[in-house]
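Below are the chains, spelled out letter by letter.
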Amino acid sequence: MADRWLKANCLLASTVAFWLAALSPLPQIGKGISYSLALVASVQLVTESRRLIAQDARRAALFAMNQELEQVEIGLHTQQQEEALYEIYGAAPTYSPEVDRELKTSLEHLYKEPSADRAAELQTSTSEKKALYLAVKSLIEVKGKTYVLEKVLCLSGGQWEKGEQVLQQILDEGQKNGW
């Protein structure tokens, strides 16, 4: 590559030198030869410049492609590490359908006891509170908060804020007791 730049710079210097020589006080034949050589050097300079532009463009494209490949490789490596961490720490818990159904039915059973006052339900025995907390926490991890509010606590629509308060009470109680 340094070759081409050196050649282009030499052609440029030659073109300027022949052009200036043609402008100096020379006989007509000397001026004609100088103009001719300046013209030939400038045509060669244009040709060499095109090659340089193509070479620089190719090099820039290769550099950009290599950068993109490195970024993709880093992204894939990061994604693989995240997947490995999810597998190790179980950050995305998944339960079998049987366990999921059992958690759901036990939570519904705990919630839909004969008592209609949901606040009174929270004041039941410690083991029932713990079971309710664990079931709610598991369903939130699997299905999400909205599912628990709508399907389990049956507090959706206009009762959304009340449902969130009840859910927060359950979660606070469990965290406070270290379940």
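Below you will find a few notes about this structure. Please read all numbers here as calculations on a predicted model, not as lab measurements.

### Things to note about the overall build of the protein chain
Thought 1: Along the protein chain, the regular secondary structure elements total seven helices and zero strands.
Thought 2: In sequence order, the protein chain lays out its α and β elements as α-α-α-α-α-α-α.
Thought 3: Out of the 179 residues in the protein chain, the part that is buried amounts to 21%.
Thought 4: For the protein chain, the share of sequence-separated contacts (at least 6 apart) that also reach a separation of at least 24 residues comes to 56%.
Thought 5: When the accessible surface of the protein chain is split by element, carbon and sulfur atoms take 59% of a total near 12600 Å².

### Some words on the pattern of salt bridges
When charged atoms on two side chains of opposite charge get close, those side chains can pair.
Thought 1: In this structure the tally under the stated criterion is five salt bridges.
Thought 2: A salt bridge links E48 to R4; the nearest nitrogen and oxygen atoms lie 3.2 Å apart. Remark: R4 occurs in helix 1 (residues 2-23) and E48 occurs in helix 2 (residues 28-89); sequence separation between them is 44 residues.
Thought 3: Through salt bridges with shared partners, a single ionic network connects R4, K7, E48 and R51.

### Overview of helix 6 (residues 145-152)
Residues spaced three or four apart along an α-helix face the same direction, because each turn holds 3.6 residues.
Thought 1: Among all positions of helix 6, only Y147, V148, L149 and V152 are buried.
Thought 2: A positive backbone phi angle near 50° is found at C154, which sits one or two residues after helix 6.

### Considerations on the packing of helix 3 (residues 97-111) against helix 6
Thought 1: Look at helix 3 against helix 6: their axes get within 11 Å of each other, and the N-to-C directions meet at 50°. Put simply, helix 3 runs oblique to helix 6. The crossing of helix 3 and helix 6 is right-handed. Here K104, L107, E108 and Y111 of helix 3 lie close against helix 6, whose contacting residues are Y147, K151 and V152.
Thought 2: Here the contact of helix 3 with helix 6 is built from residues that sort into four nonpolar, no polar and three charged.

### Observations regarding a nonpolar patch on the surface
Thought 1: A surface patch of nonpolar side chains, about 590 Å² in accessible area, is lined by L12, V16, W19, L20, L23 and Y35.
Thought 2: Looking at the nonpolar patch, the element that brings in the most residues is helix 1, giving five residues.
Thought 3: Within the secondary structure, V16 is located in helix 1.
Thought 4: Exposure remark for V16: the relative accessible area of 43% places this residue in the partly exposed category.

### Quick look at the nonpolar core
The nonpolar side chains of a soluble globular protein tend to be buried with one another.
Thought 1: Within the largest apolar cluster, 18 residues are counted, with the highest numbers of intra-cluster contacts made by L107, V136, V148, L153 and L167.
Thought 2: Of all elements in the fold, only helix 3, helix 5 (126-142), helix 6 and helix 7 (160-177) reach the threshold of two or more residues within this core.
Thought 3: When residues in this core are grouped by element, the largest group, five residues, is from helix 5.

### As for the packing of helix 6 against helix 7
Thought 1: Running from amino to carboxyl end, helix 6 crosses helix 7 at an angle of 110°, the nearest separation of the two axes being 10 Å. The orientation of helix 6 relative to helix 7 falls into the category roughly perpendicular. For the pair helix 6 and helix 7, contact is made by K145, T146, V148, L149 and E150 and by W160, G163, E164 and L167, respectively.
Thought 2: For the contact of helix 6 with helix 7, the residue count by class is four nonpolar, two polar and three charged.

### Topic: the side chain of S34
Thought 1: One can find S34 in helix 2.
Thought 2: In contact with S34, not counting residues within four places along its chain, are F18, A21, A22 and L26.

Conventions used here
- Residues numbered from 1 in each chain as written.
- Predicted model: local features only at pLDDT ≥ 70, side-chain atom pairs only at ≥ 80, totals over all residues.
- Heavy atoms only, no water.
- Helix = DSSP H or I, 4+ residues; strand = E, 2+ residues; numbered from the N terminus.
- Buried < 20%, exposed > 50% of the residue type's maximum accessible area, 1.4 Å probe, protein only.
- Contact = heavy atoms within 4.5 Å.
- Areas by Shrake-Rupley, 256 points an atom, 1.4 Å probe, with all protein chains shown as cover.
- Salt bridge = Lys/Arg side-chain N within 4 Å of Asp/Glu carboxyl O.
- Axes fitted to C-alpha atoms, helices over the stretch in contact; angles between N-to-C directions.
- Parallel < 35°, antiparallel > 145°, perpendicular 65-115°, else oblique.
- Left-handed = near helix turned anticlockwise from the far one by under 90°.
- Nonpolar A, V, L, I, M, F, W, Y, C, P; charged D, E, K, R; others polar.
- Patch = residues over 30% accessible without salt bridge, like charges linked within 9 Å, V, L, I, M, F, W, Y side chains within 5 Å.
- Core = buried A, V, L, I, M, F, W, Y, C linked by side-chain atoms within 4.5 Å.

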